[in-house]
Amino acid sequence: MTLKTITSPERMYQWVSRAVLEGRKVGVVPTMGALHEGHLSLVDAAKAECDLVVATIFVNPTQFAAGEDLDQYPRPLENDLRHLKEGGASIAFCPAMEEIYPRGYSTYVSPPEIAAPFEGLHRPDHFRGVATIVLKLFQMVPAQVAFFGQKDYQQTLVVKKMVEDFNLPIEIRVCPILREPDGLAMSSRNVFLSDEQRGRAVAISKVLAEIEPEILRLTDHSSALKNRLTGVMETARKRLEVKVDKIHYLDVVDAQTLQSISDTTTEVVIVAAADVGDTRLLDNRLVKIR
Ligand code: AMP
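Residues numbered from 1 in each chain as written. Predicted model: local features only at pLDDT ≥ 70, side-chain atom pairs only at ≥ 80, totals over all residues. Heavy atoms only, no water.

## Description of the domain arrangement of the protein
Link 1 in the chain: Segmentation of the protein into domains returns domain 1 (4-175) and domain 2 (188-288).
Link 2 in the chain: Taken over C-alpha atoms, the centre of domain 1 sits 26 Å from the centre of domain 2.
Link 3 in the chain: Across the interface of domain 1 and domain 2, roughly 1,700 Å² is buried in total on both sides, 57% from carbon and sulfur atoms.
Link 4 in the chain: At the junction of domain 1 with domain 2, the criterion picks out two salt bridges.
Link 5 in the chain: One salt bridge connects D69 with R189, and the closest N-O pair in it is separated by 2.7 Å.
Link 6 in the chain: In this structure, the connection of domain 1 to domain 2 is made through 10 residue pairs in polar contact (both at pLDDT 80 or more).
Link 7 in the chain: Sorting the residues of the side of domain 1 that touches domain 2 by element identifies α5 (119-122) and α7 (153-165) as the ones contributing at least two each.
Link 8 in the chain: If one sorts the elements of the side of domain 1 that touches domain 2 by residue count, α7 sits on top with three residues.
Link 9 in the chain: For the side of domain 1 that touches domain 2, the class distribution of residues is nine nonpolar, seven polar and five charged. (Domains from an automatic or database assignment. Buried area = accessible area lost by both parts, 1.4 Å probe. Salt bridge = Lys/Arg side-chain N within 4 Å of Asp/Glu carboxyl O. Polar contact = N/O pair within 3.5 Å; in protein donor to acceptor, adjacent residues only side chain to side chain. Helix = DSSP H or I, 4+ residues; strand = E, 2+ residues; numbered from the N terminus. Nonpolar A, V, L, I, M, F, W, Y, C, P; charged D, E, K, R; others polar.)

## Some details on the layout of surface pockets
Link 1 in the chain: Of the pockets and cavities examined, the largest pocket occupies roughly 860 Å³.
Link 2 in the chain: As for the largest pocket, its lining consists of 41 residues, and the residues nearest its centre are M32, Y73, D152, Q155 and R189.
Link 3 in the chain: Of all the secondary structure elements, the ones that give two or more residues to the lining of the largest pocket are β2 (26-31), α2 (37-49), α6 (126-140), β5 (145-149) and β9 (279-288).
Link 4 in the chain: In terms of residue count, the dominant contributor to the lining of the largest pocket is α6 (five residues).
Link 5 in the chain: Of the residues contributing to the lining of the largest pocket, the split by class is 17 nonpolar, 15 polar and nine charged.
Link 6 in the chain: Each pocket or cavity is described by its volume, and for the second largest pocket that value is around 210 Å³.
Link 7 in the chain: Every residue lining the second largest pocket is counted, 14 residues in all, and those nearest its centre are I57, F58, V59, R75 and L77.
Link 8 in the chain: Tallied by class, residues from the lining of the second largest pocket come to 11 nonpolar, one polar and two charged. (1 Å grid on protein atoms, 1.4 Å probe; cavity = no way out; pocket = protein on both sides within 12 Å on 5 of 7 lines; lining within 4 Å. Points joined across faces, edges and corners; volume = space filled by probe spheres on them.)

## Overview of the nonpolar core
Link 1 in the chain: The biggest cluster of nonpolar side chains holds 47 residues, and the ones touching the most others in it are V54, F138 and V141.
Link 2 in the chain: No other element matches the nine residues that α6 contributes to this core.
Link 3 in the chain: Residue contributions to this core reach at least three from each of two domains, namely domain 1 (4-175) and domain 2 (188-288).
Link 4 in the chain: One finds I204, L240, I247 and L250 within the second-largest nonpolar core, a separate group that totals 29 residues. (Core = buried A, V, L, I, M, F, W, Y, C linked by side-chain atoms within 4.5 Å. Buried < 20%, exposed > 50% of the residue type's maximum accessible area, 1.4 Å probe, protein only.)

Take a look at the structure:
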């Protein structure tokens, strides 16, 4: 399989439009590069469903706040292209910054309400940047299906709601989190961890995994689940606190609304964001309770 690299948005649009007109199903996998097996699992899922797979590589500055790791974000383009070629993607779309945000760029998406808690609270303009770049990518790559990772769970809810609210003609698939053998969620940012930090980082996935059976144990009387979980979450927080350098949040909420668990909740998500050293790590776990 050959991999074609396209940098021009116009050529990208024409290529996908033609493929779709010819009756081909096109899938798009948006990424910021520094690809790992998690990203490649999205390419696999796209290949299983689509005739052609476009992977996009663009480190989107508008989703980083001042002082975050935009400048340090890894950009191993040659490696990424090799991975995509081996992974069987058809096209790598790698637009230049000036093509996406030319001088004077000023139009942004105001993200849906689901963007407000968790990441939205801790990174105020993050989802405005995410929604804007995802909408722009969907315009440039008019694929029928887009593949996102559950790793960024809130992001998947934001994208799905934007697609619904803007009547975008694209289906969103959410793929499972790929993990290292010890459980750490794969992330482009894991390369920033020293050996000592890497050893501590695994606590995040461990603590989430330990909360899951506690939730299931308490769901027999699920109407009071929220209150009964308080103690479980306090203990979990204490266990995580001694391993990471800062907990941004650790919570269990309704998986659809990201609000407190209610009597109508059928699935919960355990969400966590924590710093290990200067590296901010995310993880989550979905648990069906009814
Ligand atoms: P990023 O390059 O970090 O913006 O991620 C691009 C896409 O890959 C997003 O949809 C992520 O949720 C997804 N992704 C990142 N890490 C993983 C992982 N460990 N397993 C599955 N998907 C992932």
